[in-house]
Structure formats: C-alpha cells, structure tokens
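Listed below, chain by chain, are the residues.
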Amino acid sequence: MSRELTYAEAIREAIDLAMARDERVFLFGEDVGVYGGAFGVTEGLYQKYGPERVRDTPISEAVIAGVATGAALTGMRPIAEIQFMDFITLSMEQLVLQAAKLRFMLGGKVAVPFVLRTPAGAGTGAAAQHSESLENWFVHVPGLKVVMPSTPADAKGLLLGAIEDPNPVIFVEHKLLYRVKGEVPEGYYTLPLSRSQVKRRGRDVTVVATSLMVQRALEAAAQLAAEGIEVEVVDPCTLKPLDSDPIVRSVVKTGRVLIVHEACKTGGFGGEVAALIAESEAFDFLDAPIRRLAGLDIPVPYNRELERRMVPQVDDIAAAARRLVREAC
Amino acid sequence: MSELFADLTPERLRELLHQMLLIRAFEESAEQLYLQGLIHGTMHLSIGQEGSAVGACAALRPTDYILSTHRGHGHCIAKGARADQMMAEFFGKESGYCRGRGGSMHMADVETGNLGANGIVAGGVPMAAGVGLSIQMQRQDRVVLVFFGDGASNEGAFHESLNLAAIWNLPVLYFCENNQYAMSMSIARASKVDRISDRAAGYGMAGVTVDGNDLVAVYRETQAAAERARGGGGPTLIEARTYRWKGHSKSDKQRYRTKEEVKEWQDRDPIARLARRMIEAGLLSEAGLGDVQARVDAEMAAAIEFAKNSAEPDPATILEGVYA
Ligand SMILES: Cc1ncc(C[n+]2csc(CCOP(=O)(O)OP(=O)(O)O)c2C)c(N)n1
Ligand SMILES: [Mg+2]
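The notes below deal with the structure included here. Model, not experiment: these values are computed from the prediction. (Residues numbered from 1 in each chain as written. Chains lettered and ligands numbered in written order. Predicted model: local features only at pLDDT ≥ 70, side-chain atom pairs only at ≥ 80, totals over all residues. Heavy atoms only, no water.)

A tally of regular secondary structure across chain B gives 12 helices and seven strands. Relative to its length of 324 residues, chain B is compact, with a C-alpha radius of gyration of 19 Å against a globular reference of 20 Å. The dimensions of chain B, computed from C-alpha atoms along their principal axes, are 60 × 50 × 45 Å. Per-residue burial for chain B yields a buried fraction of 60% across its 324 residues. Pairs at least 24 apart in sequence give 74% of the contacts found in chain B among residues at least 6 apart. Distance from the positive charge centre (34 side chains) to the negative charge centre (41 side chains) of chain B: 4 Å. (Helix = DSSP H or I, 4+ residues; strand = E, 2+ residues; numbered from the N terminus. Rg over C-alpha atoms; globule rule 2.2 N^0.38 Å. Buried < 20%, exposed > 50% of the residue type's maximum accessible area, 1.4 Å probe, protein only. Contact = heavy atoms within 4.5 Å. Lys, Arg positive; Asp, Glu negative; His and termini not counted. Charge placed at Lys NZ, Arg CZ, Asp CG, Glu CD.)

With that settled, the discussion passes to the nonpolar core. Counting residues in each nonpolar core, the largest one holds 72 residues, and the members touching the most others are B:L17, B:M87, B:L274 and B:M300. The leading source of residues in this core is helix α2 (residues 10–35) of chain B, at 12 residues. Setting aside residues up to four positions removed in sequence, B:L274 forms contacts with B:F5, B:L13, B:L17, B:M20, B:L215 and B:V216. In this structure, A:I15, A:V41, A:I79 and A:A209 belong to the second largest nonpolar core, which totals 59 residues. (Core = buried A, V, L, I, M, F, W, Y, C linked by side-chain atoms within 4.5 Å.)

Let us now look at the interface of chain A and chain B. Tallying the contact residues gives 36 residues for chain A and 40 residues for chain B. Of the roughly 3,000 Å² buried between chain A and chain B, counting both surfaces, carbon and sulfur atoms make up 59%. Of all residues in chain A, A:Y35, A:I59 and A:Y302 give up the largest surface area on contact with chain B, accounting jointly for 26% of the area buried on that side. At the junction of chain A and chain B, the tally comes to three salt bridges. Its salt-bridge partner being A:E43, residue B:R255 comes within 2.7 Å of it at the nearest N-O pair. Run the count over chain A and chain B and you get 16 residue pairs in polar contact (both at pLDDT 80 or more). Counting residues per element, the side of chain A that touches chain B draws most heavily on helix α11 (residues 304–310) of chain A, which supplies five residues. (Buried area = accessible area lost by both parts, 1.4 Å probe. Salt bridge = Lys/Arg side-chain N within 4 Å of Asp/Glu carboxyl O. Polar contact = N/O pair within 3.5 Å; in protein donor to acceptor, adjacent residues only side chain to side chain.)

A few words on the pairing of strand β14 (residues 291–295) of chain A. Residues and elements named next belong to chain A. As paired elements, strand β13 (residues 257–264) and β14 share four bridges and run parallel to each other. The partner of L258 across the bridge, within β14, is R291. Crossover handedness for the path β13 to helix α10 (residues 269–279) to β14: right-handed. (Pairing = 2+ DSSP bridges. Right-handed = clockwise from strand over helix to strand, strands pointing away.)

Written as structure tokens, this is what we have:
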C-alpha cells in the first residue's frame, strides 16, 4: 500500500519509524524539538518521543558533528540535523578528519553509524549563505557516504537505509523538494545505498541529474517527448559510493549524455560523472561530447531573477538536451 | 541631567530618538511589504531592540567599524545608513547597498563603517579580531564593535575570537544583544551561566551586562568600553538584555514563548522609554515627538518609492563580483 506524502513528510515518517523500532536512534540539532525544525521536517517528533530522544542543541555545529561521531562510535545511532547545508562548513573537522577516518585509522575495529541530514539548495531568496549545495566536498572524502534523494519515496527508503548503514552518511535534502508530493509505500522499508535509478526510459539522450534537478530533468523530458526526443533520466541517488553501471549502460544506448546539477560547475559532481563515462566502455559509443549543465560559478545572488539564472531551470535542461541531440560527432 | 542622559545633548538625544523611530518604521514597512508578497526571501526584524542598536552606535565615531548580524537593519541605520538604499537592497534592486546581491541578511554600508550583516550566526565575531588587529597594526584611532546574539555565544568561534582579542589586546567591542532566544532556544536552556558577560572573565577581559532597552545605559557602557579600547585597554564583552517582539523570521509559529511574556517586554519599549524621559525632563514636547514621527514617516514613504522605482540588476552582470 502507498499514499501521497510530501518529501518532508516522508522524511519525518522515516525518522519516526526508525525511532519506534530502534532505541538507539535519537534526533538532535538546532530547533528540531518544539519548533519542529526550520522547515517543519521534524514536527511532532518531540511530542512523541520526548526531550531525551529529540534534543535541541545550542547553535554549535562543530559539536553537533562531534556528538554524532562520539555517540555513534559507542553504540548509539544518532540522526543529526544541520539546519542549512551552508552551516556544515562549521562541522567540517569532526566530519572530515574524525568521523570519516576513524574506522580506517583504527584498523577497522570501530564503526561510526550516524546520519547527518541537511537541506541544501537555492530558490528561496535566502542569498549566498543559506543556499549552498556542497555535496561534492563530501564526495571527495574517503569514508563518507553521500545520499541525495529526489523523490518522497526515495527519501524515506534511503533515509532508513542510511540509518541502518554502519558508516557516517551525509544525507542531503533539498528545500524546494520538501513540499513536492509523491506516492510513498507505507511501513518500514529500506532502499539500498549506492543504487542508481533510471527514472525515465529513452533512447536519444541520457540526462544524469541529482536531487531537485531530477524533477526538472523529468519535466524537460516530458516537453521533449512532445517534440519526438526521448530522454533517459538517470538519478544516482547516492553520490558516494556511486553505482556507475546504470549510467554507463544508458550512455552506451543513447550515445549522448548531459549531466545536470545545481552546485557550481567547477569542481562539481558532474566532472566526476563525465570522467567516469570517458573512462568507461561508453566512450566509444559517444556521438557527441559529454556536456554539463550546472550552477554558475558565483555565490547565490539575492535578487530573484539573478538567483533563477544561477541555477539550471527546466527550459535550460530542455534546451541543452535538444542541442545535444542535434549535435553530430 | 548628566546622570539621566550621560553626556548626550538634547539635540543629540532627539537625533537618537529619530534613529530608533526610523528603525521601527523600517522594520514595520519591511514586514508589510513582505506580507504583500513584494519581497522574495527572508528577513529578521529587530523591533524591540532599537535601544541596543542605537545606544551602541551612538558611542562610536563615524570612522569606527561595526560588524552586524542577520538581524541587522537596526545596526545599519544606527551606524548612519540611508533608508532608501537599504529598502532598495531589500527589494533586490541595483540601487541597493549591495546592488541587490545581498539582501536583508547581507546589508552593508562600507562608507559608514558597516562591514556588513551576516547570514552566519557568529559569522562576524572571528572577523572582528582581524579588524581589531588591522586597526592596531596600522596605529589607527579606531575601534570595531561586533554585534551578535545570545545564540552566537555558543559557537566555538566566539570563544576563539574573545581569547585572541584578549591576549593581543585588540580594540574590539563584543556587543551581545541578548534577546532571550535563538530561534526557539532560550538562553536559559542554551547556557548554564546567568550572564553571558560572565564569560568575559574566562578570557581575562572586562565584561558588563546592561539593560538593552535603556538607550542611555547602553550608550554609557559602550562609550566606556570604546574609551578603554582606544586607550590600549583591550576588548570588552558587553551584554545588552533586550527582546525581539516579532517571530524569529517569517515562518516562526512562536510555540516556545507565551503572549504574556511578549507583552511584558513590550511594556518596556525602548523608544517610549526614552521619549517619556525626554518629555519629563523638558527636552521634548508631545508636539515635538509628533514632528519626529512625521519626519520618519516621510522618509520611509520616500524610501519605499525609491526602492519600487529602482531598476533590477542587469542579468548580463551576473558574473561580476568574484575574481575567480
Ligand atoms: C552557523 C549558523 N547556524 C545556524 C543558523 C540559523 N540561525 C539563524 S539565526 C539563528 C538564531 C540566532 O540566535 P541569536 O544569535 O540569539 O540571534 P537572534 O536571532 O536572536 O537575533 C539561527 C539558529 C545560522 N544562520 N548560522
Ligand atoms: Mg537571540
């Protein structure tokens, strides 16, 4: 059985199910309690589970990451929230130099099973320090998993999968997805981390997209279908470790690939995907150069129109895919 | 009289009252415009905190610096910014202080020494040590005052900054606007010490707590700290106790406090308080107060007109502002 839930509701349901099922799971972060989280995601959980298992912290992102690490190291299953992904910059040392490396440095004798949830993305007029998409920073760090769901059903299953996972997981949500609705199965289920999904089948061009850009790519694909262009949309879901096979197979089939993400282009995840395609057997099947469409290399502007132009929109994706299909090698 | 108003002249007092009223009017207009759907983004209103913003900046010179916070409209006006260019920034217009790139949370007016509001809690606090060091190394007769909230005092960087400023004897005024809450987190839940200013002792610097809704008291303490800093006496931590009347931001249901509590603090309105004291002392008449308010209203109306009529940034300039 399934029913429609928003992405935010699906995440809340996952946390609720995990807490009901496993005493070790607890939730903490800034304003996650009575306030219900800055975006309302944790609404009601404080009332249900009480102040011991749903904890408000002071504004102290370094120690939030530290508490997640220390508690996970010694038998708990923490879910930490960093209120906006921008503020994860204040958590970096504990995440990158401690949590990510502990298992390796201690010869595999420990595990650090926590999930750090955080909303990323522009589009809310919150300007340069509340709109970042920093996922690729973490992709670069061995020892961290990075998950970025694009639908409510994926968000629920992947979050439960992340909570069960023995590794620290950076779980990147998108602010503009919180109110997006979709069918979500009832009850407890996990989706395996590291499984790319083909979200739409098509033969003409592959679009590899992440997070909100998956939704935009699907809209663009619907537009292009009316023009006779069949787009295949692949969503990695987990950026690290990346399940590359579905991407490679898709490009072998279509011979054309557009990679779309919101984060700035330079140093972004798209470069990694492009490289893996270039290194794979799909290279020989390419009928056009690999293309990337990504955020401009600037901080996110406040002005609404500048902000809109900074991030790929549906029309931009459609135009880029259309150009690619018309391009011959 | 000197007791009541420190060394502030009647003329200066009327100016400061005008600033407080202008801040209130700016915030009320900002809220209105927001509710009318004219503003894209978020905002943090400082209604109720005008006494601390204006009292603190009154003790500074035009050449002194401030660093501000996400709740920074008041600081900006208090340091001497114009309401029209601020409003234009709020609208995201090219004529705004940050050319529409920064918005409410990044309001700055470099010419009046305001190095900017900040989207990051405690974001300005470490930088303040750098500004202080720069002043010291250039042998300038300046100080820097950094505003931050009660919530900011629990960021690690706050502690690093205070310690460094203390050991290097930097001319930094750490000005904490303790408005009792950091979003939903009360300072009583977030800290075990009663007074945030007590933390100064841990770094070997002077610390003082003042009634933030008493403009003159804020002025007096800030002036003393500024004098000490200018004389090579190093940094001070000032805690001004005040209250934010409005929600944290646009989306706050305010489940963490009672209406009675809000009402109690509204009865301690910093603006009404100064006005009343001035009237009682014969420095202001009811009619005179009306004149100040009328001036403020006209200024705000003009600011909104200016903002509405200003041009949007040219999209062709989108890549400007970064060297790399
Ligand atoms: C590093 C960081 N963490 C969290 C936030 C989100 N946030 C913005 S304002 C705020 C509360 C700040 O409280 P306080 O410092 O007391 O200032 P006030 O809002 O009361 O003026 C929070 C949690 C942020 N902007 N930056
Ligand atoms: Mg506060």
